[in-house]
Amino acid sequence: MMKTFRLAVILLIGIAPATGQVDSSLLAPIAKSPFTSSSIIATGRPVARVNGAVLTDHDLLREMLSIFPYARQHGGKFPEAMEADIRRGALSTIEFEELVFQEAERRGMKVSSSRLDRALKAFRDQFGSENEFRAYLKEECSSSMPKLREKVRRSIMIDDLLLAEVAQKAVVTEAQVQKSYQKNPARFSSPETVSIQTISIAIPDKPTPQQEATARKRAEDGLRQARAAKNYEQFGMLAEKLSEDDWRVMMGDHQSITRDQMPPEAAKVAFAMKLGQVSELIRTENSWCILRLNGRRDPHQASYEQVRDSLKKELQASRIETFRQALHQQLRKTAKIEEL
């Protein structure tokens, strides 16, 4: 498997597309595959210039795959409804990283040879074999070790500036975490939830008797295969193959949801199932649905000790994004950026 070279702080500030809250349409079918009809292939074409520095579609595709790694499992294809947002987010990220790198150079930031050697060794050690490393080097650096060394240097400089201007400024104190918990008690009161996967078979609007029978037959075939699936992965692969709802691209996984986030017919079944159980066919307004129950959580009020670490991470992530956006806006004010 190819590695993508990204250091720690860059991972903190990457842009991810919003998935949106699950609502009562979560089991609604769609008429066609959600993936684009053709794979995105990078050719080295310029996609942007940042103060004269050229960013190519190789850079863009690498970031798009970082945002939506599921595309690797689908031959480089992205969900059609999400592709434009993923592309915009990826383009914004690579432009920002280039601006940060240029700012680090403007400030005269340096990377010592010994530190660069250690970072290069640590990166190389991530690969499972020498052949795997050589394949990466050929693909990303035209088999040039000096080019790889420059990539590592660039990433360290980006990390160093982001550490100073974003991560260190975003540190959250214990008092701030406690205040947030005490101010928002309702946030930490959780209703009963279940974790489910789904397979949905579409029923056309105003179906004829023949269409009803065809959909029912497909659903029964799907149920037979779903009952034969032994675990999460097998059910998920089947969902990707058979399902006609938007969640198929996530192996049918809705993760943790409440009763009011599901159609009543599905909720009645899901909240009565046992862990690992596959449901009977469930008729919703416009689909036949099959559920697999992967988890259940009773309603509860979380204590401060239970949420402290996650709340601190949440607050810090919010502050990181605030400082990151401020830095981005500051750097863009005087930059010349051309999107091609």
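The shown structure was predicted, so the numbers you read here are calculated from the model rather than taken from an experiment.

Participant: Help me get a handle on the pairing of strand E7 (residues 287-297), residues and values and all.
Facilitator: In terms of burial, E7 is largely enclosed, as 8 of its 11 residues are buried. One ladder, built from 2 bridges, connects strand E6 (residues 282-283) with E7; its direction is antiparallel. From the neighbouring strand, Arg 283 faces E7, where its bridge partner is Trp 288. Hairpin geometry of E6 and E7 is characterised by an intervening segment of 3 residues between the two adjacent antiparallel strands.

Participant: Explain the pattern of salt bridges to me, using residue names and the numbers behind them.
Facilitator: In total, this model carries 26 salt bridges according to the counting rule given. Two residues, Glu 103 and Arg 106, come together in a salt bridge whose shortest N-O distance is 2.7 Å. With Glu 103 and Arg 106 both in helix H3 (residues 80-106), this residue pair falls 3 residues apart, about one helical turn. Among the residues examined, Glu 103 registers a relative accessible area of 10% and is labelled buried. The salt bridge partner of Arg 115 is Asp 160, with a shortest N-O separation of 2.7 Å. Residue Arg 115 is located in helix H4 (residues 113-124), and its partner Asp 160 is located in helix H6 (residues 145-167); the two are separated by 45 residues in the primary sequence. What makes Arg 115 partly exposed here is its relative accessible area of 32%. With relative accessibility at 19%, the residue Asp 160 sits in the buried group. Linked through salt bridges whose partners overlap, the residues forming this network are Glu 103, Arg 106, Arg 107, Glu 165 and Lys 169.

Participant: Go over the nonpolar core, please, and point to the residues and values.
Facilitator: Formed by 43 residues in total, the largest nonpolar core has its most connected members in Leu 60, Phe 78, Val 100, Leu 148, Leu 162 and Leu 327. Of all the elements in the fold, those that place two or more residues in this core are strand E1 (46-50), helix H2 (57-67), H3, H4, helix H5 (130-141), H6 and helix H11 (304-333). Here the element with the most residues in this core is H3; it accounts for 9 residues. Those residues in contact with Val 100 that sit more than four places away from it in its chain are Ile 158, Leu 161, Leu 162, Leu 327 and Leu 331.

Participant: Talk me through the packing of aromatic side chains; I want residue IDs and the actual numbers.
Facilitator: Between two aromatic rings, the relevant description is the distance of the centres plus the angle of the planes. Summed over the entire model, instances satisfying the criterion amount to 8 aromatic pairs. Consider the rings of Phe 127 and Phe 133, whose centres lie 5.4 Å apart with planes at 75°: the pair is edge-to-face. Look at Phe 127 and you get buried, because its relative accessible area is 8%. Feature note: the residues Phe 123, Phe 127, Phe 133 and Tyr 136 constitute an aromatic cluster, connected by ring pairs.

Participant: Would you mind going over the confidence of the model for the chain in detail, with residue names and values included?
Facilitator: Mean pLDDT over the chain works out to 86, with 89% of the residues at or above the 70 mark. Considering only residues more than four positions removed or in separate chains, one finds that residues 1-32, a stretch of pLDDT under 50, has 82 contacts.

Participant: So what about the packing of H2 against H3? Which residues, and what values?
Facilitator: Two elements in contact, H2 and H3, have axes separated by 8 Å at closest approach and are oriented at 115°. H2 and H3 meet at a crossing whose hand is right-handed. Two secondary-structure elements touch here, H2 through Asp 59, Leu 60, Glu 63, Met 64 and Ile 67 and H3 through Glu 83, Ile 86, Arg 87, Gly 89, Ala 90, Leu 91, Thr 93 and Ile 94. Here the contact of H2 with H3 is composed, by residue class, of 7 nonpolar, 2 polar and 4 charged.

Participant: Let's hear about unusual backbone geometry: which residues, and what values?
Facilitator: Not every positive phi belongs to a glycine, and Ser 142 is a case in point at roughly 55°. Take Ser 142: it is sitting in the loop between H5 and H6. A residue is classified by how much of its surface remains accessible, and Ser 142, at 54% relative accessible area, is exposed. The backbone phi angle of Met 251 is positive, close to 60°, even though this residue is not glycine. Taking the relative accessible area as the measure of exposure, Met 251 reaches 12% and is therefore buried.

Participant: Describe the pairing of strand E4 (residues 193-202), with residues and values.
Facilitator: Of all the 10 residues making up E4, 8 are buried; the element is thus mostly covered by neighbouring parts of the structure. Relative to E7, E4 is paired through 10 bridges, and the arrangement is antiparallel. Its bridge partner being in E7, Ala 202 is matched across the sheet by Ser 287. Where E4 lies against strand E5 (residues 253-257), 4 bridges are found, and the strand directions are antiparallel. Directly across from Val 194, in E5, lies its bridge partner Ile 257.

Participant: How would you summarise the sheet that holds strand E9 (residues 337-339) if you had to cite specific residues and measurements?
Facilitator: The strand order across the open sheet formed by 3 strands is E2-E1-E9, and the pairing between neighbours is antiparallel. Strands at the two margins of the open sheet, each flanked by one partner only, are strand E2 (53-56) and E9. Along the sheet, successive strands turn relative to each other by an average axial angle of 20°, direction set aside. Where E1 and E9 come together, 3 bridges link them in antiparallel fashion. Residue pairing in the sheet places Ala 48 in a bridge with Glu 339 of E9. Packed on one face of the sheet, H2 meets E1 and E2 and runs near 55° to E2. Relative to E1, H3 is tilted by about 35°, and along the sheet it contacts E1, E2 and E9.

The rules behind each value
- Residues numbered from 1 in each chain as written.
- Predicted model: local features only at pLDDT ≥ 70, side-chain atom pairs only at ≥ 80, totals over all residues.
- Heavy atoms only, no water.
- Buried < 20%, exposed > 50% of the residue type's maximum accessible area, 1.4 Å probe, protein only.
- Helix = DSSP H or I, 4+ residues; strand = E, 2+ residues; numbered from the N terminus.
- Pairing = 2+ DSSP bridges.
- Salt bridge = Lys/Arg side-chain N within 4 Å of Asp/Glu carboxyl O.
- Core = buried A, V, L, I, M, F, W, Y, C linked by side-chain atoms within 4.5 Å.
- Contact = heavy atoms within 4.5 Å.
- Phe/Tyr/Trp six-rings, centres within 6.5 Å; stacked < 30°, edge-to-face > 60°.
- pLDDT = per-residue confidence, 0-100.
- Axes fitted to C-alpha atoms, helices over the stretch in contact; angles between N-to-C directions.
- Left-handed = near helix turned anticlockwise from the far one by under 90°.
- Nonpolar A, V, L, I, M, F, W, Y, C, P; charged D, E, K, R; others polar.

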